[in-house]
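Residues per chain are reported as follows:
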Amino acid sequence: MTPTSAETGAPSAEKNCFRVTLSSIPFFSQAKTFEKIWPDLRAGVDEIFADGKFSHSRQVGRLEEALADYTGARHVIGVNSGTDALVLLLKACGLRPGDRVLVPAYSFVATATSVVLAGGQPVFADIDPDTYAMDPGRIGDAADGARFVMPVHLFCRMADMAALTALAADRGLTLVEDSAEGIGMRQHGVHAGLHGRGGVLSFFPSKTLGALGDAGAVLTDDPDLAERVAALRHHGRTGRTLAHFPGISNETRYVGHNSKMDDLQAAVLLAKLTVLDEDVRHRAALARRYDEGLRGTPGITRLPAVTGAPDEVFYVYLIETERRDALAAHLQERGIGTETYYPRPLHLHPCFTGLGHRPGDFPVAEAAAGRALALPLYADLTEAEVDRVCATVRAFHTGRVPA
Ligand SMILES: *Cc1c(COP(=O)(O)O)cnc(C)c1O
């Protein structure tokens, strides 16, 4: 006999009949995408079972090759998160204990914690209000005594890599990129992460290419660096080719990590790569729709520039408004999810108190942290849903109740 919904605890139509009829628009959902790629994903999982190894099976090597194709990187090394990708990249680039690494004051906290985890010390620089990325014009003295510079590409724009490459050359800094959000982003035809010695990708579920859990990768054109990262992800062991894992050597050359990418996640990502371009185009179309729907709304102090370029990548659609928290609450009450990216600039996190910063040190980063709000943007979202979000955001700012 089929159990009733009361027995299983599943939501039933009767229970929900008193609820508001408008369905909610979550900040993020990928149920439809997973439905679409399910056969491919299932085939990948079957292959893992057929191989019977459950680690070092074929999925990771295949994904690395596919990502090398997608990004143009000579080497891609799959690891277990974007954060570990940053730690391993910095270590493999020869970061020594105490080395100073220039990072922007506004980013996800892993940009700066990864520096500390690798043994270095983050040195913050303020951002460009248009790109949210490290502003070469605002670095000033912070570059003195630094050994690395690590710009971050946030939301839908890359940092000015020509200017940062010139700065790195001028000041003798090693340039690496926190390109965790950057899949598909290119500047002057070069993919994010490949402008300096190397970069990373994060496949955290909410990212443009998201897994079903944590995963990440290091991108580089440098074969020696790639080999060190490949060793560091696997206890420091060497003697294997990069893409596959035939025969693991017993030689442990470095004190490494256990940061290997999970084969199940690689299978998920291989399946999702087949729809990535389609997803990216859909996200860009939704960003244009937001732009049309929100432009000119009083009280919104910033909308992202939508260029309409064929390769435009929107990971996050972020607006700025002076009444950010009230708007987020207003949308939440109407079933629309939002996120604050990033509510606290890096220099004001308690874990960095020891660096001695105070409010006012990086005014552009602090202003962005107080005003930025990300609206729903993902492959499953429809234009009608974007229209409803726009109407609700406009009604909030103009004081009119949405229909
Ligand atoms: C997501 C992200 C990371 C960390 O990636 P994880 O895979 O979550 O460890 C680092 N930097 C930036 C800018 C990110 O957006």
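Residues numbered from 1 in each chain as written. Predicted model: local features only at pLDDT ≥ 70, side-chain atom pairs only at ≥ 80, totals over all residues. Heavy atoms only, no water.

### Some thoughts on the site of the ligand
And then number 1: The local shell around the ligand holds 17 residues, among which Gly-82, Thr-83, Glu-181, Ser-202 and Lys-207 are the closest.
And then number 2: One of the backbone N or O atoms of Gly-82 is found 2.7 Å from an oxygen atom in the ligand.
And then number 3: In this structure, an oxygen atom belonging to the ligand sits 2.5 Å away from a side-chain N or O atom of Thr-83.
And then number 4: Considered on its own, the ligand offers 380 Å² of accessible surface; in the complex 93% of this is hidden by protein.
And then number 5: Among the elements of the structure, helix 5 (82-92) and helix 6 (110-117) are those that each provide at least two residues to the shell around the ligand.
And then number 6: The class makeup of the residues in the shell around the ligand is 8 nonpolar, 6 polar and 3 charged. (Near = heavy atom within 4 Å. Polar contact = N/O pair within 3.5 Å; in protein donor to acceptor, adjacent residues only side chain to side chain. Areas by Shrake-Rupley, 256 points an atom, 1.4 Å probe, with all protein chains shown as cover. Helix = DSSP H or I, 4+ residues; strand = E, 2+ residues; numbered from the N terminus. Nonpolar A, V, L, I, M, F, W, Y, C, P; charged D, E, K, R; others polar.)

### Quick look at unusual backbone geometry
And then number 1: Put simply, Tyr-341 and Tyr-342 share a cis peptide bond, and its omega is -15°.
And then number 2: If you trace the backbone, Tyr-342 turns up in the loop between helix 11 (324-333) and helix 12 (363-371).
And then number 3: A positive phi angle, near 65°, is found at Tyr-132, a position not held by glycine.
And then number 4: Phi is positive for Phe-155, close to 70°, though the residue is something other than glycine.
And then number 5: You can see Phe-155 is positioned in the loop between strand 4 (146-149) and helix 7 (161-171).
And then number 6: You can call Phe-155 buried: its relative accessible area is 1%. (Buried < 20%, exposed > 50% of the residue type's maximum accessible area, 1.4 Å probe, protein only.)

### Details of the nonpolar core
And then number 1: If you look at the biggest cluster of nonpolar residues, it comprises 50 residues, and the most contacted ones within it are Tyr-106, Phe-155, Leu-318 and Tyr-341.
And then number 2: Only strand 1 (75-79), helix 5, strand 2 (100-104), helix 6, helix 8 (223-232), helix 12 and strand 12 (372-375) provide two or more residues apiece to this core.
And then number 3: Here this core gets 7 residues from one element, more than from any other, and that element is helix 5.
And then number 4: Per-domain counts for this core show at least three residues from each of domain 1 (47-273) and domain 2 (276-398).
And then number 5: For Tyr-341, the contacting residues outside a window of four places in its chain are Phe-27, Tyr-106, Phe-155, Ser-206, Tyr-315, Val-316, Leu-318, Ala-372 and Ala-374.
And then number 6: Among the nonpolar cores identified, the runner-up in size contains 44 residues, and Tyr-70, Ala-73, Ala-217 and Leu-269 belong to it. (Core = buried A, V, L, I, M, F, W, Y, C linked by side-chain atoms within 4.5 Å. Domains from an automatic or database assignment. Contact = heavy atoms within 4.5 Å.)

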